[in-house]
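# Structural features, examined
So the chains spell out like this:
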Amino acid sequence: MPQPQWVMPEQLRYSSHVATDKQFYKPGDMLYFRAALLHAFTLAPLPATDGISARAEFVGPSGDTVHAVTCGVQDAVAAGSWHLPEGVVGGDYQLRLSYTGGFRGLPKATPRNFTVLAFRNPRLNVAVDFLYQGYGPGDAVAFTVAVTRADATVPEGAELTAEAVVDGTQVWSATTSLPQSGTTKFSFSLPTEIASPDASVRVVVDDKGTIESKGKALPLVLRRLDVALYPEGGDLAPGLPNRVYFEARTLSGLPVEIVADLVDAASLKPVVLNILGKHEGRGSFVFTPADGAAYELIIKKPAGIERAVRLPEAPGSAPKAVLTTNEQVFGNGDPVVAQVYALKALAGQTVRVVLRKREVVLEEKTITIGKSNPHTVSFSGRNATKADGVLVLTLYDATGKPVAERLAFRRPDSGALTVRIAVELPSGAAPGAEAQVRVRCEDAVGKPAQAVVGVVVTDAAVRRMAEPRKMLPRIEPMVYLEDEVDVLEDAEIYLSDDPRAALALDLLLGTQGWRRFAYEQWNDFLAKYKDKALTLGVYAPAQQWEAGGVMHKNLIFAMAPMRLEDAPVAAMALERAPMLGIAAPAPMQGIVAPDFPRRGKLIPPPVDRCVREYAHARKPQATHGEREDFTETLFWAAALKTDADGVASSTFALSDLVTTFDVFADAFLDRASGAVASASATFVSTQPFYIEPKLPLYVTEGDTVITPVAVVNDGGEAVKVHTTATVDLLKLRLEGEAAEYLSLPAGSRGRQLISAVVTDANSSVTQMSFTSTTTSGLSDKVTLPITIAPKGFPVSVTAGGMLDTKAPVKVPIEMPQSYSALSVTTSLYPTPTASLMKALAALIREPYGCFEQTSSVTYPTVMAARYFKTHSNVDPELVERANTMLQKGYERLVSFESKDGGYEWFGESPAHEALTAYGLVEFLDMAEVFPVDRRMVDRTRAWLLGQREDDGFRRNRKQLDTFGGAPDSTTNAYIVWSLTYAGITEGLEAQITALSREALKSKDTYFVGLVAGIMFNTGRADEGRRLSTFLVSNQRESGEVGGSGPSITLSSGDPLLVEATSIAALDWLNDDTLFAPHVERAMAWLTSRCQDGFYGSTQGTVLALKAIIAYDVKRARPKVPFDFLLSVDGAEVGRAHMDRDTEQLITFPDFAENLTPGGHHVAELSMSGSSPWAIPYSVAVNYISASPASTAGCDVFLDAHLDRPQLREGEIARINVGLRSVSDKPLGMVVAIIGIPGGFQVDAERLREQVTAGRVAYYELVGPSVVLYWRGLPPHGTASVAFEAKASFPGTYTGPASRAYVYYNSMAKHWLPPLQVTIQSA
């Protein structure tokens, strides 16, 4: 639940305005960011003496921080960079900045979204724009298509093919040629019967062989529409004219422009006809509600909306006055004029209207209510007319109580700062040339201005991949609007000269900036609105404060949209909460101001090496006429300071791209009276003759790649062209070359095709080089990388158990008909830890993500360090690496401590009991090998004890990735097990007694195992042995313990068996004499489950390692030597020997050559020695399979298929994914990995729409696969999702096999054969 927060004193408030160099990044790219720190009121830059430092976190698709960097602040700008790893997961990311240190309030920063995606830069910019936002069945659809080339020219005469796809079926198509204007229009009618709102239009453009396509979701509405209503000022006021703002969106989040009638809900009598949405699905209407009446919006367009939208009814204590404005936007320097409408009952009373900016009162007016409306209030004082941007109007009644509030906007002075850009290029600028960017800043009278400028030069083709309404905002809308609204899209229109700008801005503030007042006790408010209570403005518990001469107690200021099913109130963000009723400089009575550091010596945190300026340089070894450097961002400067002439300049080299480059400059005045401005420019880098090969990003062995090579002759004479290709013959084989010559007239284009077959079966990165030469001596060579993905997946079939001197063991081996890269590993384990060295080395990794994910890496490292501590034969470098990772992991883990105690996935409050218990055990184990803050451990222990309730624990019902979703009895047992492991027994008597009583009746071995451990931990050994005996009865012949119910993470299958068996082994080791045989079998089985140090799940890995290390401490070594023999089908493979000093893993020779496709084989192991002894063994047959066999007992079934197996180049395919649970129990997080054939480029925007629509929780792009996540599935539940991919690259392709599994049981997968596609060249 949210906690009270203090309103920041205005003189200390700064805002952070974040920009990145672009919006789309490829793996391996460099991302640059800057944040201008400007005063929230004056826009003055943050003083250099402040001492603030910034921390930038890059949050991945799953919500986890994947990278972070700390950077200093210089010239009021925080700046840095992130070199994205080649293997970074693709998907939607956020850049989040936070600040530490300093003597002022820490700036707030709006997160900045960006996308990581593997793609080839588009050579054509194709923009699709619907003429109307929102359609229903039978409606007429109209849209425009605008096309430009990468060099900014119009491809006049290019062929355009458009189609509409509804319910997965084409319902319309058309073909036309692009006119000289570069824009054409299409129209069609939708079917009258539509089943699914998932529809799109698709456009393929063929510019004489250069082919690009564009798909765009149709804003289709079926029966349901998400409409939010915002009465101006807060609540409806009966008997007075009320303006009501609204915002309409599809269920997938797209704006919808509605046409609606307002009717009386009882009589259906029309009140307001033909209400229209105007911008981004927003609009407004005015009406006078009658007292006690109810009203509804009847939506006429889009067609088919079945449900009327009920307006929020006036509250019992309805407002008796309304605050409004006639102007949508006020001009710079103009008075702000408001109107007050009041009921006659208020006649003669005095009310106040206050104008503020942020928390600063600019002017207030007192008016006496007369008998006629409206009452006009004009704010024309010096302070009121000088303030610009978003202003706040608040109406107070005669008692001083705030009753209504709305936002207004005054345009800033557009001439206060002017930015001009000039780009100086050599004549006929070509790839590799030197360029200079020059920025000049001028003040209001045209004189040079001292300013700080951020500059970026980047490929326009990549920028235009984003929908125009979702492009990155410039500094003006960032500064004036971003802090005031929830979502800022189509940002460039609001402060522009567009005739729609004023209306659009008024609608934005009336919806995204809406607010109302709620007067409720804190506890009542939270109980009523729960998670809808976000952040509160003013709250004074058990105290009173004075507002306008009236004492108020426990006042809460809140805001939220009123949606169809939502409660009418949710809490408002702090930054939009004025200090209610307090006219500056009157202090808050009874509220203690927050502490701020005194001026003195400030020790800043360590700062990473951050890039503040980057200028692209030509590689020294670059060869003229050969292009392989396709860097997109050529110049980036976070903070260039203008000189005495108001000029800042820098030079950079062009890359090898033939394209249009965008140049952007954002500036702010470097003085106390601030101002911001921006400018943009473009330039083209080209050459008279060039080629544009189009090569896929990923391929697999056996794929046939047909590469279209577009040839452009922009010279003044006709040429004949010959094109060739060179490849690495170990990886690719050319199938044939293009026609010997291609004739191209001056100013024309053509293309040639070159085919190659992928011959390499291994994962690698190679290159293809394409060279075109003309008979007149012109030439161009382009080299592009291509990634070869492995065609199959590693499969490991394992068997294991105990080998003794009594009889040999025989292991049957059944081989599949088709496989590759076969190997067999046969191992003996003289001690249970013999296999750990290699496994533990694999487990020591860089920590990442939330608390649980950080633990998934750090806790196994803790177990490794504990093992290293007790063994001498450990590589010192491995020990050092473990200690380094422990330091990093520990620092990350403690950062997730909730402010009220305990731990939560992201450090939020309240903490989570089960997760905190897990953390407590982890910290106690860590304390044996690493210095852990004992005060933190004591706090955590105390917080966990503080959650006791009756004979159990209070529960935070939040559940993430199934951790926390276990039954109460299991969770209580896990918490008590953790506390008693920490040596805590006092105060847990009621819980222990209740658990003991329940365990005696339970058949759940996981639960009973935890309780048995509690009994041993608390000295109740007899009870522990009795419960452990029950576990014995559930041990299977192969050693694992079955009969387990849900674990703390709701794991299933093998991971659940590992957890239950590990807990049982830990229990049995408390009486090794009684349970010795069962311990041996359990350890043998656990040993066989290890794959690269991993035991199926995080919990399973940690518990298995705890059991193995505990066993190692207990057990002795054999006192006599033994000999071993391995044979396959009767033929000897190898021998081995061990004595009492042998500790390391014993391995036999690989016998893969003895196995045949489809064969039935038997491996036999025998052991000889002079005394009885048993030793664990394992046999692992490892190979690569293109389509592995599904695991028996997998809880999910997957279906994934293309809508058609053959497409033409440029067409867009639909990939349909279905998921079905076959479990009688609810499933936690479920994952589906869909292998994409190499000829496709996945449309990330369409995937994002599926997330917004709630069809999938989130997605990731990993190499040639799309990874889809669902938070859970009900028993026998289903899920489905569809996304689109462009058939960009001709050829024949096979993708990786697709599979699905439950997140906490990743060993059990359902596999599908690989998707295959043939893409015909145009």
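Below is a summary of the structure that appears in this document. Source: prediction; values computed, not measured.

This paragraph deals with the nonpolar core. The biggest cluster of nonpolar side chains holds 85 residues, and the ones touching the most others in it are Phe 923, Val 932, Leu 979, Val 1011 and Trp 1068. Here this core takes nine residues from helix 9 (residues 913-926), the largest share from any one element. What Trp 1068 contacts, discounting residues up to four positions off in sequence, is Ser 1028, Leu 1031, Val 1032, Gln 1035, Val 1041, Phe 1075, His 1078, Val 1079 and Ala 1082. Grouped together as the second largest cluster of nonpolar side chains are 69 residues, Ala 466, Val 709, Val 1242 and Phe 1289 included.

A word on the environment of Val 337. The topology assignment puts Val 337 in strand 25 (residues 336-342). Given a relative accessible area of 26%, Val 337 falls into the partly exposed group. On a C-alpha basis, the gap between Val 337 and Ser 378 in space is 4.4 Å, while along the polypeptide they are 41 residues apart. Look past the residues within four positions of Val 337 in its chain and what remains in contact with it is Thr 325, Phe 330, Thr 376, Val 377 and Ser 378.

Under the counting rule described, the total for this entry stands at 13 cavities of 30 Å³ or more. There is about 230 Å³ of room inside the largest cavity. If you go around the largest cavity, you meet 20 residues; those closest to its centre are Thr 20, Asp 21, Val 456, Leu 472 and Arg 474. Sorting the residues of the lining of the largest cavity by element identifies strand 1 (14-20), strand 33 (451-459) and strand 42 (659-669) as the ones contributing at least two each. In terms of residue count, the dominant contributor to the lining of the largest cavity is strand 33 (four residues). Its volume calculated, the second largest cavity comes out at about 100 Å³. Around the second largest cavity, the lining is made up of 14 residues, and of these Ala 40, Lys 357, Arg 358, Val 479 and Tyr 480 lie nearest the centre. At the level of elements, strand 1, strand 3 (30-39), strand 29 (389-396) and helix 3 (475-482) are the ones that each hand at least two residues to the lining of the second largest cavity. Here the lining of the second largest cavity is composed, by residue class, of six nonpolar, four polar and four charged.

A few words on the sheet that holds strand 67 (residues 1240-1242). Taken together, four strands build an open sheet; the order of strands is 63-65-70-67 and the sheet is antiparallel. In this open sheet, the two edge strands, each paired with only one partner strand, are strand 63 (1196-1202) and strand 67. Ignoring strand direction, the axes of neighbouring strands in this sheet form an average angle of 30°. Pairing of strand 63 with strand 65 (residues 1212-1221) involves seven bridges; the strand directions are antiparallel. Directly across from Ala 1200, in strand 65, lies its bridge partner Val 1217. Against the sheet, helix 18 (residues 1244-1252) engages strand 67 and strand 70 (1278-1287), with an angle of about 165° to strand 70.

Once that is clear, we can look at helix 9. With 14 residues, helix 9 extends 20 Å between its outermost C-alpha atoms, agreeing within 8% with the 20 Å of an ideal straight helix rising 1.5 Å per residue. Here helix 9 lies mainly inside the structure; 14 of its 14 residues are buried.

Pairing between side chains becomes possible if they bear opposite charge and their charged atoms approach one another. Counted by the stated rule, this structure contains 57 salt bridges. The closest approach of N and O atoms between Glu 692 and Arg 123, which form a salt bridge, is 2.9 Å. Here the residue Glu 692 occupies a position in strand 44 (residues 689-693), and Arg 123 occupies one in the loop between strand 9 (112-116) and strand 10 (124-130), the gap between them amounting to 569 residues. We note that Glu 692, like Arg 123, is buried. With a closest N to O distance of 3.2 Å, Asp 760 and Lys 731 form a salt bridge. Within this pair, whereas Asp 760 is found in the loop between strand 50 (748-758) and strand 51 (764-774), its partner Lys 731 is found in the loop between strand 47 (719-727) and strand 48 (732-736), the two being separated by 29 residues in sequence.

With that settled, the discussion passes to the sheet that holds strand 15 (residues 199-207). Whether parallel or antiparallel, the strands of a sheet pair through hydrogen bonds between backbone atoms. If you walk across this open sheet you meet the four strands as 13-12-15-16, and the pairing is antiparallel. Lying at the two open borders of the sheet, with one neighbouring strand each, are strand 13 (169-177) and strand 16 (210-217). The mean angle between the axes of side-by-side strands here comes to 15°, regardless of whether they run parallel or antiparallel. As judged from the eight bridges shared by strand 12 (residues 159-166) and strand 13, these two strands associate in the antiparallel manner. Across the sheet, the residue bridging to Ala 164 is Trp 172, located in strand 13.

A few words now on helix 17 (residues 1098-1114). Note: α-helices contain 3.6 residues per turn, so residues at a spacing of three or four share the same orientation. Its 17 residues give helix 17 an end-to-end C-alpha distance of 25 Å, which sits within 8% of 24 Å, the value for a rise of 1.5 Å per residue. By the criterion of burial, helix 17 is predominantly enclosed, with 14 of the 17 residues buried.

For the rest of this paragraph, the subject is the packing of helix 9 against helix 10 (residues 934-945). The contact between helix 9 and helix 10 brings their axes to 10 Å, and the two run at 145°. Once helix 9 is placed against helix 10, the crossing between them reads as left-handed. Contacts between helix 9 and helix 10 involve Glu 913, Thr 916, Ala 917, Leu 920, Phe 923 and Leu 924 from the former and Arg 934, Met 936, Val 937, Thr 940, Arg 941, Trp 943 and Leu 944 from the latter. Among the residues making up the contact of helix 9 with helix 10, the classes are represented as eight nonpolar, two polar and three charged.

In terms of burial, strand 46 (residues 704-713) is a largely internal element, eight of the 10 residues being buried. By the bridge criterion, five bridges tie strand 44 to strand 46 in an arrangement that is antiparallel. When the sheet's bridge partners are listed, Phe 689 is paired in strand 46 with Asn 713. Across two bridges, strand 46 lies against strand 71 (residues 1291-1294) in antiparallel orientation.

Conventions we followed
Counting of residues starts from 1 at the beginning of each chain's written sequence and follows it residue by residue. Given that the model is predicted, a residue must reach a pLDDT of at least 70 before its local features are reported, and side-chain atom pairs must reach 80 or more before they are shown or counted; all residues, however, enter totals for whole chains, interfaces and linings. With hydrogens and water stripped out, all remaining heavy atoms of the structure feed into the side-chain values. The term nonpolar core refers to a set of buried residues drawn from Ala, Val, Leu, Ile, Met, Phe, Trp, Tyr and Cys, joined through side-chain atoms within 4.5 Å. Under the scheme applied here, a residue whose accessible area is under 20% of the maximum for its type counts as buried, over 50% as exposed, and between as partly exposed, the area being computed with a 1.4 Å probe on protein chains only. Each helix is a run of H or I in the DSSP string that is no shorter than four residues. Each strand is a run of E no shorter than two, and both are numbered from the N terminus. When checking whether two residues touch, look at their non-hydrogen atoms; a contact exists if any pair is within 4.5 Å. Cavities and pockets are found on a 1 Å grid laid over the protein atoms alone: a cavity is a set of points where a 1.4 Å probe fits but cannot escape, a pocket is an open set with protein on both sides within 12 Å along at least five of seven lines, and a lining residue has an atom within 4 Å of such a point. Grid points are joined across faces, edges and corners, and a volume is the space filled by probe spheres set on the points. In this classification, Asp, Glu, Lys and Arg are treated as charged, Ala, Val, Leu, Ile, Met, Phe, Trp, Tyr, Cys and Pro as nonpolar, and every other residue, Gly included, as polar. The criterion for strand pairing is that DSSP finds at least two bridges linking the strands in question. Interaxial angles span 0 to 180 degrees and are taken between N-to-C directions of axes, which are lines fitted to C-alpha atoms, for helices over the stretch in contact. A helix's residues, less one, multiplied by 1.5 Å, set its expected span. What counts as a salt bridge is simple: a side-chain nitrogen of Lys or Arg found within 4 Å of a carboxyl oxygen of Asp or Glu. In this scheme the crossing of two helices becomes right-handed for a clockwise turn of the near helix relative to the far one and left-handed for an anticlockwise turn of less than a right angle.

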